[in-house]
Amino acid sequence: MLTVVIGLILASAFAAILVYATELMPGKVGTVAGLFFGFAFGMGGLGAALLGGLADMTSIGFVYQVCAFLPAIGLLAAFLPNLDGARRRRRQAA
């Protein structure tokens, strides 16, 4: 039950990521959406295969422990560029 809730929470961030990406490449909404959907499904497939292989080598309990730490990668979002600051500088220069 908790896995379903966690999956829904993680999936809810996809729309925000897509909006952020379209701001980085304005006017290319279809290209950005296609790239992100393709990338997301491709990485999901690779991740499932890798985690399945890891479960075969160790145990499913170990894979659950590994997956518990994967959301910590989201802390890297603190290093994303600040778009508001760049927009302000462009407005002031114009």
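Residues numbered from 1 in each chain as written. Predicted model: local features only at pLDDT ≥ 70, side-chain atom pairs only at ≥ 80, totals over all residues. Heavy atoms only, no water.

## A look at the overall build of the chain
Turning to step 1, where the next piece is worked out: What the chain contains, in helices and strands, is four helices and zero strands.
Turning to step 2, where the next piece is worked out: Secondary structure elements of the chain, listed N to C terminal, follow the sequence α-α-α-α.
Turning to step 3, where the next piece is worked out: Its C-alpha atoms give the chain a radius of gyration of 18 Å, more than 25% over the compact-globule value 12 Å for 94 residues.
Turning to step 4, where the next piece is worked out: The principal-axis extent of the C-alpha atoms belonging to the chain is close to 60 × 25 × 25 Å.
Turning to step 5, where the next piece is worked out: The 94 residues of the chain split such that 10% are buried. (Helix = DSSP H or I, 4+ residues; strand = E, 2+ residues; numbered from the N terminus. Rg over C-alpha atoms; globule rule 2.2 N^0.38 Å. Buried < 20%, exposed > 50% of the residue type's maximum accessible area, 1.4 Å probe, protein only.)

## A look at a nonpolar patch on the surface
Turning to step 1, where the next piece is worked out: A contiguous nonpolar patch, built from Leu-2, Val-5, Ile-6, Ile-9 and Leu-10 and spanning about 490 Å² of accessible area, is present on the exposed surface.
Turning to step 2, where the next piece is worked out: For Ile-9, the location among the structural elements is in helix 1 (residues 2-24). (Patch = residues over 30% accessible without salt bridge, like charges linked within 9 Å, V, L, I, M, F, W, Y side chains within 5 Å. Areas by Shrake-Rupley, 256 points an atom, 1.4 Å probe, with all protein chains shown as cover. Salt bridge = Lys/Arg side-chain N within 4 Å of Asp/Glu carboxyl O.)

## Notes on the side chain of Thr-22
Turning to step 1, where the next piece is worked out: Mapping Thr-22 onto the fold places it in helix 1.
Turning to step 2, where the next piece is worked out: At 2.7 Å, the side chain of Thr-22 and the backbone oxygen of Val-19 are in polar contact. (Polar contact = N/O pair within 3.5 Å; in protein donor to acceptor, adjacent residues only side chain to side chain.)

## Here we look at the environment of Gly-52
Turning to step 1, where the next piece is worked out: Structurally, Gly-52 can be placed in helix 2 (residues 29-57).
Turning to step 2, where the next piece is worked out: Look at Gly-52 and you get partly exposed, because its relative accessible area is 29%.

## Concerning a positive patch on the surface
Turning to step 1, where the next piece is worked out: Together, Arg-88, Arg-89, Arg-90 and Arg-91 give the surface a local cluster of positive charge.
Turning to step 2, where the next piece is worked out: Topologically, Arg-91 is positioned in helix 4 (residues 83-93). (Lys, Arg positive; Asp, Glu negative; His and termini not counted. Charge placed at Lys NZ, Arg CZ, Asp CG, Glu CD.)

## Here's the deal with the packing of helix 2 against helix 3 (residues 60-69)
Turning to step 1, where the next piece is worked out: Helix 3 packs onto helix 2 with a crossing angle of 135 degrees between their chain directions and a minimal axis gap of 7 Å. Judged by the angle between their axes, helix 2 and helix 3 are oblique. On helix 3, the residues touching Leu-51, Leu-54 and Ala-55 of helix 2 are Ile-60, Phe-62, Val-63, Val-66 and Cys-67.
Turning to step 2, where the next piece is worked out: When its residues are assigned to classes, the contact of helix 2 with helix 3 shows eight nonpolar, no polar and no charged. (Axes fitted to C-alpha atoms, helices over the stretch in contact; angles between N-to-C directions. Parallel < 35°, antiparallel > 145°, perpendicular 65-115°, else oblique. Contact = heavy atoms within 4.5 Å. Nonpolar A, V, L, I, M, F, W, Y, C, P; charged D, E, K, R; others polar.)

## Quick word on the confidence of the model for the chain
Turning to step 1, where the next piece is worked out: Taken over all residues, the pLDDT of the chain has a mean of 84, while the share at 70 or more is 97%.
Turning to step 2, where the next piece is worked out: Averaged over each element, pLDDT in the chain is lowest for helix 4 (72) and highest for helix 3 (91). (pLDDT = per-residue confidence, 0-100.)

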